[in-house]
Amino acid sequence: MSPNALQRRKTLSASLGLGEKLFASSEERQFATAIEEGLEIVEQRLVGQVRFADAIADVSGRYLLDAGGKRVRPVLTLLTAQLGTGTNDSVLAAAQAVEITHLASLYHDDVMDEAEMRRGVPSAQTVWGNSVAILTGDLLFARAAKLIAGLGSVGLELHAETFERLCLGQLHETIGPQDDEDPIEHYLSVLSDKTGSLIALAGLVGVIYSGAPEEYREPIRLFGERIGVAFQLVDDVIDLSGAVETTGKAAGTDLRAGVPTLPVLYLRKRAPMDADAAALLARLERAIEASTDEHVDADFAPAVAELRAHTVTDDTIAEARRWADRAVDGLQPLPDGPVKKALTRFAQAIVERSG
């Protein structure tokens with residue numbers, strides 16, 4: 001087992017609580033092993049799926065896969081498949097397709113956000129330029145669609161709908177809220193499209209291709225949508241921490257890219273009634289305006305640190321917990337057992353993580 005695969009297994013076991021007394025019975029250990037072994041197969045097959053005959057596409061297409069990642073989405077596919085007959089070739093193919101779709105979106109996101117780093121390495125457009133990065137993302141989307149197409153029309157339709165929502169989420173983030181829209185509600189809607197939709201798809205295809213009862217589809221879809229929003233809200237907080245060793249990004253990367261994360265939106269909402277909040281917002285916006293690709297304003301890091309310590313960040317964490325709690329509440333129709341336990345533990349891990 002490669003060092004990356006071993007680390008992923010440890011991360012998986014920790015995030016799902018698979019090593020805890022929660023999964024102490026023989027049946028539950030078999031459940032845990034099935035997911036771990038399935039993830040290893042997915043990882044091996046992903047390497048082949050992102051290979052291209054063209055030399056440049058082959059290198060750029062494997063770039064972010066080789067950089068690592070937690071493989072959250074294929075884990076959810078493998079996990080929800082245990083509600084049916086378990087892991088099979090269709091489940092494995094669907095898990096790969098969802099992860100390749102996620103990888104493709106990262107190439108595009110980094111171009112849109114002008115991000116310099118991703119997963120601890122220079123972003124693709126930093127290495128090859130915007131055009132190669134965008135086209136590599138397109139190639140990966142095509143490869144994912146080909147995988148899903150081989151599974152039938154249901155999966156193909158779901159994948160197309162998710163792709164549409166990914167694009168709409170990015171579009172709405174780019175143009176911002178309309179005059180009659182609440183900025184916070186607009187932002188949460190963007191997160192549901194950009195992050196929640198793909199996580200929901202990951203869970204859904206596990207249910208569908210394992211032959212699980214159809215009544216499990218909606219609870220799993222809702223879980224994915226809600227936990228996706230919680231996941232991104234925690235990312236908003238992590239963006240302020242500058243945990244480069246785990247995120248590969250400097251503190252405030254999203255802010256410098258002009259992404260209005262929830263702590264900033266809360267700060268803007270509070271500013272008209274709170275002089276301290278207004279002063280911090282003004283300093284932060286001045287520092288962002290004064291920063292360039294080559295130069296970070298001297299006041300930027302202190303302003304980000306102050307935002308991290310402000311109560312609006314605590315409010316963001318609380319909102320993430322509310323979304324995670326709602327995700328777990330939606331699991332009520334599922335049978336009691338290791339799948340529900342693992343999904344509940346996964347939701348808890350989402351809001352506890354620091355990178």
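Residues numbered from 1 in each chain as written. Predicted model: local features only at pLDDT ≥ 70, side-chain atom pairs only at ≥ 80, totals over all residues. Heavy atoms only, no water.

### What to know about the overall build of the protein
Here is step 1 of the chain: Across its full length, the protein holds 17 helices and two strands.
Here is step 2 of the chain: The buried share of the protein, reckoned over its 355 residues, is 52%. (Helix = DSSP H or I, 4+ residues; strand = E, 2+ residues; numbered from the N terminus. Buried < 20%, exposed > 50% of the residue type's maximum accessible area, 1.4 Å probe, protein only.)

### A look at unusual backbone geometry
Here is step 1 of the chain: Phi at Arg 71 is positive, roughly 60°, even though this residue is not glycine.
Here is step 2 of the chain: Along the polypeptide, Arg 71 turns up in the loop between α3 (55-66) and α4 (72-80).

### Observations concerning helix α14 (residues 275-290)
Here is step 1 of the chain: With 16 residues, α14 should reach 22 Å at 1.5 Å per residue; the first-to-last C-alpha distance of 22 Å fits that figure.
Here is step 2 of the chain: Where α14 is concerned, the buried positions are Ala 277, Leu 280, Leu 281, Leu 284 and Ala 287. An end-on view of α14 places all buried positions within 130° of arc, on one side of the element. Exposed and oriented more than 90 degrees from the buried face of α14 are Ala 275, Arg 286 and Glu 289.
Here is step 3 of the chain: Buried residues along α14 sit against α12 (253-256), α13 (262-270) and α15 (300-309). (Expected span 1.5 Å × (residues − 1). Arc of directions from axis to C-beta. Contact = heavy atoms within 4.5 Å.)

### What about the nonpolar core?
Here is step 1 of the chain: Counting residues in each nonpolar core, the largest one holds 95 residues, and the members touching the most others are Phe 223, Ile 227, Leu 233, Leu 307 and Leu 343.
Here is step 2 of the chain: In this view, Leu 307 contacts Leu 240, Leu 255, Pro 263, Val 264, Leu 267, Leu 280, Leu 284, Val 312 and Thr 313; residues no more than four positions away in its chain are not counted. (Core = buried A, V, L, I, M, F, W, Y, C linked by side-chain atoms within 4.5 Å.)

### Examining the side chain of Glu 173
Here is step 1 of the chain: For Glu 173, the location among the structural elements is in helix α8 (residues 153-175).
Here is step 2 of the chain: For Glu 173, a relative accessible area of 16% gives the class buried.
Here is step 3 of the chain: Here the side chain of Glu 173 touches Gln 170 through a polar contact of 3.3 Å, side chain to side chain.
Here is step 4 of the chain: The residues contacting Glu 173, other than those within four sequence positions of it, are Asp 113, Val 190, Lys 194 and Val 259. (Polar contact = N/O pair within 3.5 Å; in protein donor to acceptor, adjacent residues only side chain to side chain.)

### Things to note about the pattern of salt bridges
Here is step 1 of the chain: Within this structure, the stated rule accounts for 18 salt bridges.
Here is step 2 of the chain: Across the pair Arg 62 and Asp 58 runs a salt bridge whose closest N-O atoms are separated by 3.2 Å. With Arg 62 and Asp 58 both in helix α3 and four residues apart, this pair spans about one turn of that helix. The pair Arg 62 / Asp 58 is uniform in exposure class, with both members buried.
Here is step 3 of the chain: For Arg 221, the salt bridge goes to Glu 218, with nearest N and O atoms at 2.7 Å. Of this pair, Arg 221 and Glu 218 both sit in helix α10 (residues 217-238), three residues apart, roughly one helical turn.
Here is step 4 of the chain: Overall, Glu 218 belongs to the partly exposed group, its relative accessible area being 40%.
Here is step 5 of the chain: Shared partners join several salt bridges into a network, and the residues in it are Arg 165, Asp 193, Glu 218, Arg 221 and Glu 225. (Salt bridge = Lys/Arg side-chain N within 4 Å of Asp/Glu carboxyl O.)

### A closer look at the packing of aromatic side chains
Here is step 1 of the chain: Within the structure shown, the criterion is met by two aromatic pairs.
Here is step 2 of the chain: Seen from their ring centres, Tyr 63 and Trp 128 are 5.0 Å apart, and the 85° between their planes marks the pair as edge-to-face. With Tyr 63 in helix α3 and Trp 128 in helix α6 (residues 124-128), this residue pair connects regions lying 65 residues apart in the sequence.
Here is step 3 of the chain: Take Trp 128: its relative accessible area is 28%, and that puts it in the partly exposed class.
Here is step 4 of the chain: If you follow Arg 326 out to its NZ or CZ, it ends over the ring of Trp 323, 4.7 Å from the centre.
Here is step 5 of the chain: The ring centre of Phe 231 lies 3.9 Å from the NZ or CZ of Arg 353, which sits over that ring. (Phe/Tyr/Trp six-rings, centres within 6.5 Å; stacked < 30°, edge-to-face > 60°. Lys NZ or Arg CZ within 6 Å of the ring centre and 35° of its normal.)

### Re the environment of Leu 255
Here is step 1 of the chain: Considering the arrangement of structural elements, one finds Leu 255 in helix α12.
Here is step 2 of the chain: Along the sequence, Leu 255 and Asp 113 sit 142 residues apart, while their C-alpha atoms lie 9.8 Å from each other.

### Regarding α15
Here is step 1 of the chain: Every buried residue belonging to α15 is among Phe 300, Ala 303, Val 304 and Leu 307, and all of these are buried. The buried residues of α15 all sit within an arc of 100° when viewed along its axis, so they share a single face. Turned more than 90 degrees away from the buried face of α15 sit Ala 301 and Ala 309, all of them exposed.
Here is step 2 of the chain: Buried-residue contacts for α15 involve α12, α13, α14 and α16 (311-329).

### Digging into the environment of His 102
Here is step 1 of the chain: Here His 102 lies in helix α5 (residues 89-113).
Here is step 2 of the chain: Once residues within four sequence positions are removed from consideration, His 102 is found in contact with Arg 73, Arg 119 and Leu 198.

### A word on the packing of α13 against α16
Here is step 1 of the chain: In contact at an axis separation of 9 Å, α13 and α16 are set at 120° when each is read in the N-to-C sense. Classed by the angle they form, the pair α13 and α16 counts as oblique. When the axes of α13 and α16 are compared, the crossing they make is right-handed. Here α13 contributes Leu 262, Pro 263, Tyr 266, Leu 267 and Arg 270 to the contact with α16, which in turn contributes Thr 311, Val 312, Thr 313, Asp 315, Thr 316, Glu 319 and Arg 322.
Here is step 2 of the chain: Residues that form the contact of α13 with α16 fall into these classes: five nonpolar, three polar and four charged. (Axes fitted to C-alpha atoms, helices over the stretch in contact; angles between N-to-C directions. Parallel < 35°, antiparallel > 145°, perpendicular 65-115°, else oblique. Left-handed = near helix turned anticlockwise from the far one by under 90°. Nonpolar A, V, L, I, M, F, W, Y, C, P; charged D, E, K, R; others polar.)

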